[in-house]
Amino acid sequence: MEGIYFDETFTPVARMEAIQIFLAYACSRKIKVYQMDVKSAFLNGESDEEVYIKQPEGFLLFEKEDYVCRLKKALYGFKQALRAWYACLDGYLHQQGFKKGTTDSNFYVQIDKDNLTIVEVYMDDIIFGINDDRLSKNFATKMQSEFEMSLLG
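Residues numbered from 1 in each chain as written. Predicted model: local features only at pLDDT ≥ 70, side-chain atom pairs only at ≥ 80, totals over all residues. Heavy atoms only, no water.

Student: Please clarify how the pattern of salt bridges should be interpreted in this entry.
Tutor: Side chains bearing opposite charge may pair, as long as their charged atoms lie close to each other. Under the definition given, this model contains three salt bridges. Here Lys32 ties to Asp133 by a salt bridge, and the two come within 3.5 Å at their closest N and O atoms. Residue Lys32 is located in strand S1 (residues 32-38), and its partner Asp133 is located in helix H3 (residues 133-146); the two are separated by 101 residues in the primary sequence. Lys32 sits in the partly exposed class, given a relative accessible area of 47%. (Salt bridge = Lys/Arg side-chain N within 4 Å of Asp/Glu carboxyl O. Helix = DSSP H or I, 4+ residues; strand = E, 2+ residues; numbered from the N terminus. Buried < 20%, exposed > 50% of the residue type's maximum accessible area, 1.4 Å probe, protein only.)

Student: Honestly, the sheet that holds strand S8 (residues 149-151) in this entry has me stumped. Any pointers?
Tutor: As a general point, the strands of a sheet are linked pairwise by backbone hydrogen bonds and lie either parallel or antiparallel. Pairing within the open sheet is antiparallel, and its six strands lie in the order S4-S5-S6-S7-S1-S8. Here the strands that pair on one side only, and so sit at the sheet edges, are strand S4 (99-100) and S8. Bridge analysis of S1 against strand S7 (residues 125-130) gives six bridges, and the strand direction is antiparallel. The residue bridging Asp37 from the neighbouring strand is Asp125, located in S7. Along the sheet, H3 contacts S1, strand S6 (115-122), S7 and S8; its crossing angle with S7, the most-contacted strand, is approximately 150 degrees. (Pairing = 2+ DSSP bridges. Contact = heavy atoms within 4.5 Å. Axes fitted to C-alpha atoms, helices over the stretch in contact; angles between N-to-C directions.)

Okay, here's the thing in structure tokens:
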């Protein structure tokens, strides 16, 4: 099917230099950095393409063995699952007023008056820093209410 690349794997991986710059900037501004882990990140994304799979073993419909299943959600092992997850996260962060970095597409920044929030995405992990401790807790709570995540500290 033209335009759909099922054989390509997409992974939102931050470059090591970007993480080093993120941490150096946070240290220079005395910003505490936190890490969050997204649980079942693959289930957060909706697949944009119409994808069909054969019926899984043990789930065959009697007298309809030739039927196939249509995926509505991205599943673990689906090569485009991380792309769907990243699109979901990207949309949410933009909705919250974040701007994507120009040189690193996994870097987001939000400036609100004197408050600065920086976020770096690495597959299903997020590191973030905010120059106000109260806002850090607020950001973590918002993210946890939108996605099933754990704050690792």
